[in-house]
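Chain and residue survey
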Amino acid sequence: MDHLIGALIGAPLLGAGILLVGGRRLDRVGHWIGCLLAAVSFGIGAALFADMLGKPTDQRTLTSHLYSWVPVGGFRADVAFQLDQLSMTFVLLITGVGTLIHIYSIGYMAHDENRRRFFGYLNLFLAAMLLLVLADNYLLLYVGWEGVGLASYLLIGFWQHKPSAATAAKKAFIVNRVGDMGLSIAIMVLFTTYGTFSFGPVFAHATGASQAKLTVIGLLLLLGACGKSAQVPLQSWLGDAMEGPTPVSALIHAATMVTAGVYLVTRSGAIFNAAPTAQLAVCVVGAVTLMFGAIVGCAKDDIKKALAGSTMSQIGYMMLAAGLGPIGYVFAIMHLVTHGFFKAGLFLGAGSVMHGMNDEVDMRKYGGLRRYMPITYVTFGLGYLAIIGFPGLSGYWSKDKIIEAAFAKGGTEGWILGGVALLGAGITAYYMTRVMVLTFFGEERWEPAPDPDKTPGVEPGIEVHPGELPHPHESPRSMTIPMVILAFGSVFAGGLFSINSAFLKWLEPVTGHSEGHSPVSTWEVTAATLVVLVVGGALAWAQYGRRPVPVTAPRGSLVTRAARRDLLQDDFNHIVLVRGGEHLTRSLVYLDHSLVDGAVNGTAASVGGLSARLRQVQNGYVRSYAVSMLGGTAVLVAATLLMRAV
Amino acid sequence: MNTYVPILVLGALAAGFAIFSVDMARRTGPKRYNRAKLDAYECGIEPTPQPAGGGRFPIKYYLTAMLFIVFDIEIVFLYPWAVSFDALGLFGLVEMLLFVLTVFVAYAYVWRRGGLEWD
Amino acid sequence: MTGTIHSLWTTAADSATPLDKIPTPKIEYAQLSPVLIVFGAAVLGILVEALLPRRSRYIAQLGVSVTGLAAAFAAIVALAADGYASAKSHIAAMGAVAVDGPALFLQGTIVLVALVAAFTFAERRLDPLAHGRRVDSFAAQGSTVPGSEQEKRAVRAGFTTTEVFPLLLFAVGGMMIFPAANDLLTLFVSLEVFSLPLYLLCALARRHRLLSQEAAVKYFLLGAFSSAILLFGVALLYGYAGTISYGGIADVISGTAKMTPALANTTANDSLLLIGGAMVVVGLLFKVAAVPFHMWTPDVYQGAPTPVTGFMAAATKVAAFGALLRLLYVVLPGIRWDWRPVMWGVAIATMVIGAIIAVTQTDVKRLLAYSSIAHAGFILAGVIALSPDGVSSVLFYLAAYSFVTLGAFAVVTLVRDAGGEATHLSRWAGLGRRSPLVAAVFAVFLLAFAGIPLTSGFAGKFAVFKAAAQGGAVPLVIIGVISSAIAAFFYIRVIVLMFFSEPQPGGPSVAVPSALTSTAIAAGVAVTLALGVAPQYFLDLAGKASVFVR
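Residues numbered from 1 in each chain as written. Chains lettered and ligands numbered in written order. Predicted model: local features only at pLDDT ≥ 70, side-chain atom pairs only at ≥ 80, totals over all residues. Heavy atoms only, no water.

1. Side note on the overall build of chain A
Of regular secondary structure, chain A possesses 24 helices and two strands. Taken over 646 residues, chain A has a buried fraction of 56%. The contacts in chain A between residues at least 6 apart in sequence include a share of 80% that link residues at least 24 apart. Counting every atom, chain A has about 25,300 Å² of accessible surface; 67% of that belongs to carbon and sulfur. (Helix = DSSP H or I, 4+ residues; strand = E, 2+ residues; numbered from the N terminus. Buried < 20%, exposed > 50% of the residue type's maximum accessible area, 1.4 Å probe, protein only. Contact = heavy atoms within 4.5 Å. Areas by Shrake-Rupley, 256 points an atom, 1.4 Å probe, with all protein chains shown as cover.)

This is the structure we're talking about:
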């Protein structure tokens, strides 16, 4: 079975190769090739999963050594894969949700002339993401890490003719670079500490390193995770990334890629367990991001950006859980999977709405759509119930556990983290209810479609009739079926996982698990969660459901305005980093010109001058050559004699 | 080192005398030049008239001279072999034949390519 | 009568013990077969010149040369496989020639270089047709005065100097003995055997004949001068040791030899040893073009026909460094504290001056000449290490460098304008735009010269510097690295010129070579990349071949 692991990655990689190299002649079949290979990958993943289930718990890890990539002396980097329960979970999520979104994209991108290229990039993303989760060493993981970064960049900027998309792609790439730098330095420190990149030996000897080194490695890994998973302080790119096509937002920027940071922290659990300081930092980052994303999500009028804020916040939950150590790893991953279902479903629903509304993204110009798009309404609604943690649905099972685990951390930290998580659940209910109400309920606030020639922000290929009111309609079958399947996942996944603690037992051999000592009982937490949930939902209903919603957003309070500007994150970055960086580079350039270039040019000039002078000796006269030889011989003989004398 | 002192002294004396003579001749001697005095010295005979434009000897002189040297050296090797012919036996004979053969290869080359034709 | 002569003879030799017989020398033909094959092929080449009609000579000569060289290489491989490179290595031909690892490795390198060089010698597609006939890079008739009526007549008659092939073979034969020579006279004789054909070859360029002849005369005069110095050194060493055999001299230096009573006055006089040793080394340093004996190099490299320059730059360096290695490792290790500091100085001067002067060169061939000087300095750094690692690194470097050089000069023959090869650097501007393949190949060679990783140059430089550093010559290595950086500047400058400058209008064109030069260039690229990507196998090979027999 182990050689199938290569095929798992190979199928989408092959697809990317065929679609990107094949060129225009594949335009008519390209999307089918892309879907087929994604499905093949899912099929292989399912087969491996079945095989794994048939084995006893302690023999479930599969390894596959492809070849030694860079064997140089003591330095060894292998292309080798490891498929254990954690990786398996990701493989199923990635290929499963990935395949659904491939199918959805057939309809969504039907009018785009570059659909083949789009599917090529999607396949490339699948291959890179699978490589990331299947690598058995940090170096190969890094390759996958950079690969998903590349795919993300290409897909955010897929409509690069829109300046906003091109800028967003650049922004995502640059912000991720900061995180990647952290990860790469972490890997280097790891190697110097343990002498290997491989997970097995590193984790086996994790506690062998000094506390300081472990903390440094942990913090650097966290920096990497922050970049990829859009955690504070590297969160600013995610909102802008919504410029990409909606399936991309669903697959990459909600369900899979952005959770890579959580995977990294969970995978490196052995290191974090040994470095409590770093672990606490993970918790803090998770908690801060949780609140940050939730607040931003409350203020956004753009449906995709509101969902992006929500993604950020939910990943904050996962990060928080992962930072709790063995108490939380399993629940972090469980929430990651359930979130993968309902958030992908929500994004697909948002895409469907946009599809029917002339690509309008402002929720204030929606309203009352439940009558026109019933399937979207139902699936989106189920996703909504799941994310707010409505009892019985997926989100309820996973989020509740995280809140419990946060309290179980114990001490003041436990109370603070648990409180934040609980409050976050309330805010989640508020902003998600707001999205739901603004979109599907209330009166119809539709506006005529903008003129695509004048507004560059419109996705191409979609039939827009300037000046006409939109005619909302249900989306084609290829789009609704994936939404329905995902809705099933949103409803039942969490429950299935929790029957008999199935998910816990499945993942525990890899991540380890401990119960912790919660100062509050389970039913108390559940009750408190339900209370904040109802309060949050009711507030939103009171604000948006009972009163008419103005089409243009009111000025709002200072906090609202700040939240609309993503809590001033870009302003912060601009003032502190960009301006500061500019000053730094300017002074560096000055130094470079005056000192370094001066020295370099000076050296070059003096070498050149010396060269020109030495050339004079080469005058072409054989007699002077002979004299130089004679002199040289004399000097050599004299020097040899002198060596004996001294 | 003492054994070398007389040689060094002799050398210094000789050099000193040479420099002294040349210098004194230049200082004291009358300077009355004529054509014969300014001519190149070629062992007392009339200098060979040089062809215009740089002056080159025909290459044949060199070829003949080199051929002479080649065969001369061949003889130098043949002579000791002849003296010890009995001692060296068959080995010596074969080696010598090979040696003569290679010289004759060169001879054949010169001959066939017209190196022996004077004009 | 005979009796008198006989008594005179014996009296002159030694009055005490009458000489009864000259001992029959023992010659190991099988172990000398590589050299003998090459010389045999050369003699055959002369016969071809003498006996075959003019029109069939070219093919016959090419066939004889290639076959002879290939057979010689096969013989070398057979000897090495038979264990003569390691266990069975010994001194053949009555103490004159060593058959051991370094000798066989270097001979193999020289023969392969010569084989590739023979292809460039035979190239007849580059020059435009002369009166309807394809011509090579060599003068129609060497003896005609440049620009004279005879010359025109020779060109019109379609003469070609096919003698270059036997000359090449004679030079190769001499070069093969040079690093294997195990006594000072064999050293000197082999030096002359390979030098004289080279002087002639240098004079035989078809174009710019005056420049070519000037180069040959310079090379000859300075070469004769250096030979004289070497011979003088040989005489002094004989005076010191009473023997010319390498092993014998080494024994005297270490004090383990029996003194010859007749030479008691001079034997073991250390001044003779030091002066003599230094002078012999000078003779070899001239051949490797080390500073300050390098002055001939640029003039000769520029003037000589480019195929000859390529061969000379590659093979001479291999042979001369081989001889230098053997001299320093077998004869003079006992006085290493005397010569090592001096060689340090030479190596430093060679690296630095070679690299610095190259910066302002404007002619490709002169540039490569100075580059070869700088490389001589790098190799010297490995020679000085005086360790098995030093030997193997130098062997590897020589093999790597010779193919890069050969390939680079072969590329130079391709870039031509109406006046023949366009060697001025300004003419190469924008070559990458017009002939990307040729420019890319040349760039590969330049990167190898500069020692960029994944080329053989990097592996070689790394090995040499590592050996030098382990031998305690860290300052030398630092200076070497700095010189490499300076050198890299002008290699990269040429690459920039080729790829990032606008092509000149009416610039040179790149001639399309026949399979011969293409093969030579391809071989150069292949070896450069093979030794760069997977150097370990060849380093191991050189490591196995790094023990000198004594």
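2. Concerning empty space enclosed by the protein
A complete count under the given rule lists nine cavities of 30 Å³ or more for this structure. Counted as a void, the largest cavity has a volume near 90 Å³. Lining the largest cavity are A:Leu636, A:Thr640, C:Leu273, C:Leu274, C:Gly277, C:Ala278, C:Val281, C:Leu332, C:Ile335, C:Trp339, C:Val342 and C:Met343. The set of elements that each furnish at least two residues to the lining of the largest cavity consists of α24 (622-645) of chain A together with α10 (270-288) and α13 (336-359) of chain C. It is α10(C) that provides the largest number of residues to the lining of the largest cavity, a total of five residues. (1 Å grid on protein atoms, 1.4 Å probe; cavity = no way out; pocket = protein on both sides within 12 Å on 5 of 7 lines; lining within 4 Å. Points joined across faces, edges and corners; volume = space filled by probe spheres on them.)

3. Regarding the interface of chain C and chain B
Counting residues at the interface gives 19 residues for chain C and 13 residues for chain B. For the pair chain C and chain B, the number of links is two salt bridges. Counting every contact that joins chain C to chain B gives five residue pairs in polar contact (both at pLDDT 80 or more). At the level of elements, α2 (29-51) and α3 (54-81) of chain C are the ones that each hand at least two residues to the side of chain C that touches chain B. Looking at which element gives the most residues to the side of chain C that touches chain B, the answer is α2(C), with seven residues. A breakdown of the residues in the side of chain C that touches chain B according to their chemical character gives 12 nonpolar, two polar and five charged. (Salt bridge = Lys/Arg side-chain N within 4 Å of Asp/Glu carboxyl O. Polar contact = N/O pair within 3.5 Å; in protein donor to acceptor, adjacent residues only side chain to side chain. Nonpolar A, V, L, I, M, F, W, Y, C, P; charged D, E, K, R; others polar.)

4. Topic: the interface of chain A and chain C
Of the residues lining the interface, 25 residues belong to chain A; the matching set on chain C comes to 37 residues. Around 2,800 Å² of area is buried between chain A and chain C when both sides are counted, 75% of it from carbon and sulfur atoms. Its largest share of buried area at the contact with chain C, chain A owes to A:Met629, A:Leu636 and A:Arg644, together 24% of the area lost on that side. Counting the contacts that link chain A with chain C gives two salt bridges. Note that C:Asp270 and A:Arg644 form a salt bridge whose closest N and O atoms lie 2.6 Å from each other. (Buried area = accessible area lost by both parts, 1.4 Å probe.)

5. Here we look at the UniProt feature "transmembrane region" (unreviewed entry) in chain B
Residues and elements named next belong to chain B. Cross-referencing UniProt, the feature "transmembrane region" (unreviewed entry) maps to residues 6-25, 61-82 and 88-110 in the present numbering. Structurally, residues 6-25 comprises 100% helix and 0% strand, and the distance from its first C-alpha atom to its last is 28 Å. In residues 61-82, the share of helix is 100% and the share of strand is 0%. The end C-alpha atoms are 31 Å apart. (UniProt positions renumbered as here; feature names shortened; annotations may be inferred.)

6. Considering the pattern of salt bridges
Working definition: two side chains of opposite charge can pair if their charged atoms are close together. All names here are of chain A. What the rule picks out here adds up to 32 salt bridges over all chains. In this structure, the salt-bridge partner of Asp-51 is Lys-55, at a minimum N-O distance of 3.6 Å. Classification of Asp-51 by relative accessible area gives partly exposed; the value is 23%. The partly exposed category is assigned to Lys-55, whose relative accessible area is 24%. We note a salt bridge from Asp-301 to Arg-434, for which the minimum N-O separation is 2.8 Å.

7. Comments concerning the packing of aromatic side chains
All told, the structure shown has 44 aromatic pairs over all chains when counted by the stated rule. Aromatic side chains C:Tyr537 and C:Phe538 sit 5.2 Å apart centroid to centroid with 85° between the ring planes, which places their arrangement in the edge-to-face category. Under the relative-accessibility criterion, C:Tyr537 is labelled exposed at 57%. Cation over ring: A:Arg177 sits above A:Phe173, and NZ or CZ is 4.8 Å from the ring centre. When the ring centre of C:Phe159 is taken as reference, the NZ or CZ atom of C:Arg54 above it lies at 3.8 Å. (Phe/Tyr/Trp six-rings, centres within 6.5 Å; stacked < 30°, edge-to-face > 60°. Lys NZ or Arg CZ within 6 Å of the ring centre and 35° of its normal.)

8. Quick look at unusual backbone geometry
Put simply, A:Val232 and A:Pro233 share a cis peptide bond, and its omega is 10°. As for its placement among the helices and strands, A:Pro233 is situated in the loop between α8 (211-229) and α9 (237-240). One non-glycine residue, A:Asp359, adopts positive backbone phi at about 70°. Mapped onto the elements, A:Asp359 comes out in the loop between α15 (329-356) and α16 (374-388). Overall, the relative accessible area of 11% leaves A:Asp359 in the buried class. Its identity is not glycine, yet C:Leu454 carries a phi of approximately 75°, on the positive side. By the secondary structure assignment, C:Leu454 is in the loop between α17 (436-450) and α18 (456-470). C:Leu454 sits in the exposed class, given a relative accessible area of 56%.

9. Digging into the sheet that holds strand β4 (residues 420-421) of chain C
All names here are of chain C. Overall, antiparallel pairing links the three strands, which are arranged β4-β3-β5 in an open sheet. Looking along the sheet, the strands with just one partner apiece sit at the ends: β4 and β5 (509-510). Pairing between strand β3 (residues 415-417) and β5: two bridges, direction antiparallel. From the neighbouring strand, Val-415 faces β5, where its bridge partner is Val-510. (Pairing = 2+ DSSP bridges.)

10. A short note on the packing of helix α8 (residues 209-241) of chain C against α10(C)
Residues and elements named next belong to chain C. Contact geometry of α8 with α10 gives a least axis separation of 7 Å together with a crossing angle of 155°. The orientation of α8 relative to α10 falls into the category roughly antiparallel. In the packing of α8 onto α10, the handedness of the crossing is left-handed. For the contact of α8 with α10, the per-class residue count stands at 17 nonpolar, seven polar and two charged. (Axes fitted to C-alpha atoms, helices over the stretch in contact; angles between N-to-C directions. Parallel < 35°, antiparallel > 145°, perpendicular 65-115°, else oblique. Left-handed = near helix turned anticlockwise from the far one by under 90°.)

11. Section: the side chain of A:Gln82
Residue and element names in this part refer to chain A. Among the structural elements, Gln-82 can be located in strand β2 (residues 75-83). Note on Gln-82: relative accessible area 13%, which makes it buried. At 3.2 Å, the side chain of Gln-82 forms a polar contact with the side chain of Asp-84. Contacts of Gln-82, omitting those with residues within four sequence positions, involve Thr-61, Leu-62, Thr-63, Ser-87, Val-133, Leu-134, Ala-135, Asp-136, Phe-199 and Arg-267.

12. Considering the packing of α24(A) against α10(C)
Here α24(A) crosses α10(C) at 140°, and the two axes come no closer than 9 Å. In terms of their interaxial angle, α24(A) and α10(C) are classed as oblique. Considering how the two elements wind past one another, α24(A) and α10(C) form a crossing that is right-handed. Contact with α24(A), carried on its side by A:Met629, A:Thr633, A:Leu636, A:Val637, A:Thr640, A:Leu641 and A:Arg644, involves C:Asp270, C:Ser271, C:Leu274, C:Ile275, C:Ala278, C:Met279, C:Val282, C:Leu285 and C:Phe286 of α10(C) and no other residues of that element. For the contact of α24(A) with α10(C), the per-class residue count stands at 11 nonpolar, three polar and two charged.

13. Structural notes on the side chain of A:Ser268
All names here are of chain A. By secondary structure assignment, the location of Ser-268 is in the loop between α11 (260-267) and α12 (269-274). The class of Ser-268 is buried, set by a relative accessible area of 0%. Within the structure, Ser-268 has its side chain in polar contact with the backbone oxygen of Leu-264 (distance 2.8 Å). Excluding residues within four positions of it along the chain, Ser-268 makes contact with Tyr-138, Phe-203 and Leu-221.

14. Quick look at the environment of A:Ser87
Residues and elements named next belong to chain A. Summarising the element assignment, Ser-87 is placed in helix α3 (residues 85-108). Note: C-alpha distance between Ser-87 and Leu-130 (43 residues apart in sequence) is 8.7 Å. Residues in contact with Ser-87, not counting those within four places in the same chain, are Gln-82, Val-133, Leu-134, Tyr-263 and Arg-267.

15. Let's talk about the nonpolar core
Grouped together as the largest cluster of nonpolar side chains are 203 residues, with contacts concentrated most on C:Phe121, C:Leu285, C:Phe311, C:Leu332 and C:Phe442. Grouped together as the second largest cluster of nonpolar side chains are 190 residues, A:Leu220, A:Ala350, A:Met373 and A:Val549 included. (Core = buried A, V, L, I, M, F, W, Y, C linked by side-chain atoms within 4.5 Å.)

16. Remarks on helix α23 (residues 569-617) of chain A
Between its terminal C-alpha atoms α23(A) stretches 66 Å, which fits the 72 Å expected from 49 residues at 1.5 Å a residue. Remark: the principal bend of α23(A), roughly 40°, maps to A:Asp592. Listed in full, the buried residues belonging to α23(A) are A:Gln569, A:Asn573, A:Val607, A:Gly608 and A:Ser611. Elements in contact with the buried residues of α23(A): α13 (276-299) of chain A together with α13 and α19 (474-500) of chain C. (Expected span 1.5 Å × (residues − 1). Bend = angle between axes of the 7 residues up to and from the residue.)

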